[in-house]
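Listed below are the residues making up each chain.
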Amino acid sequence: MRLPSALCAVLLCLPLLAAAQLRAIPPDAIKAKMKPPVDGMVEVGKYTFRLAPGAQIRSTDNRILLPVMIGSEQVVRYKLDNNGDLYRVWVLSPEEIDLPAPKQ
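Quick summary incoming for the structure in this document. Keep in mind it's a predicted model, so treat the numbers as computed, not measured. (Residues numbered from 1 in each chain as written. Predicted model: local features only at pLDDT ≥ 70, side-chain atom pairs only at ≥ 80, totals over all residues. Heavy atoms only, no water.)

Some points on unusual backbone geometry
Threshold: Strands are runs of DSSP state E lasting at least two residues, helices are runs of H or I lasting at least four, and both sets are numbered from the N terminus onward. Three labels apply to residues, based on accessible area from a 1.4 Å probe with only protein chains included: buried if under 20% of the type maximum, exposed if over 50%, partly exposed otherwise in between.
Non-glycine residue Asp-39 carries a positive phi angle of around 55°. Within the element layout of this structure, Asp-39 appears in the loop between strand 1 (30-34) and strand 2 (41-44). What makes Asp-39 exposed here is its relative accessible area of 77%.

Laid out in structure tokens, this is it:
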């Protein structure tokens, strides 16, 4: 069975379309510079937070990073849990850094 050439072209472009999408970062996530975590503590902007149990740090391609994988200061957006601990972090790509901050 032969696939029409138009269908083949669409199927070949699907991975490119998926890669071009920006992530859905919550609009209330705060933008700041984050230093690498040390002993469960993270300096974000001018504040120091404890990493929450089950905290997730997402890379620019939305993969989960272990805290030890962050070796340099990164521009991030983050959210805190009810205890004031850091529980969600998104490392921003250059395109995401240049986007205007969402209205809060």
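A few points about the nonpolar core
What counts here: Residues belong to a common nonpolar core when they are buried Ala, Val, Leu, Ile, Met, Phe, Trp, Tyr or Cys residues joined through side-chain atoms within 4.5 Å. Should any heavy atoms of two residues lie within 4.5 Å, those residues are considered in contact.
Membership of the largest hydrophobic core comes to 14 residues, with the highest contact counts inside it found for Met-34, Val-44, Tyr-78, Leu-86 and Val-89. Once residues within four sequence positions are removed from consideration, Val-89 is found in contact with Met-34, Gln-56, Ile-57, Arg-58, Val-76, Arg-77 and Tyr-78.

Things to note about the pattern of salt bridges
This is how the line gets drawn: What makes a salt bridge here is a side-chain nitrogen of Lys or Arg within 4 Å of a carboxyl oxygen of Asp or Glu, nothing more.
Counted under the stated rule, the structure contains 5 salt bridges. The salt bridge partner of Asp-28 is Lys-79, with a shortest N-O separation of 3.2 Å. Of this pair, Asp-28 sits in the loop between helix 1 (5-20) and strand 1 while Lys-79 is found in strand 5 (residues 74-80), placing the two residues 51 residues apart along the sequence. Taking the shortest distance from any N to any O, the salt bridge between Glu-43 and Lys-35 comes out at 3.6 Å.

Observations regarding the packing of aromatic side chains
Definition in use: Pairs were defined over the aromatic rings of Phe, Tyr and Trp, the Trp ring being its six-membered one, requiring ring centres within 6.5 Å. Orientation was assigned from the angle between planes: stacked under 30 degrees, edge-to-face over 60, tilted for the rest.
Applying the stated rule across the entire model yields 2 aromatic pairs. Between Tyr-47 and Phe-49, the ring centres sit 6.1 Å apart and the planes meet at 40°, which makes this aromatic pair tilted. A relative accessible area of 46% places Tyr-47 in the partly exposed class. Plain terms: the ring middles of Phe-49 and Tyr-78 are 5.7 Å apart, the flat faces sit at 50° to each other, and that makes the pair tilted. Pair noted here: Phe-49 is in strand 3 (residues 47-58) and Tyr-78 is in strand 5, with a separation of 29 residues, a long-range link. With relative accessibility at 10%, the residue Phe-49 sits in the buried group. Here the aromatic residues Tyr-47, Phe-49 and Tyr-78 are joined through ring pairs into a cluster of three or more.

Here's the deal with a nonpolar patch on the surface
So the rule is basically this: Residues qualify for a patch when their relative accessible area is over 30% and they have no salt bridge, like charges being joined within 9 Å and the nonpolar side chains of Val, Leu, Ile, Met, Phe, Trp and Tyr within 5 Å. In these tables, accessible area is a Shrake-Rupley quantity obtained with a 1.4 Å probe, and a residue counts as shielded only by the protein chains included in the view.
A contiguous nonpolar patch, built from Leu-66, Val-68 and Met-69 and spanning about 350 Å² of accessible area, is present on the exposed surface. Structurally, the position occupied by Leu-66 is in the loop between strand 4 (64-65) and strand 5.

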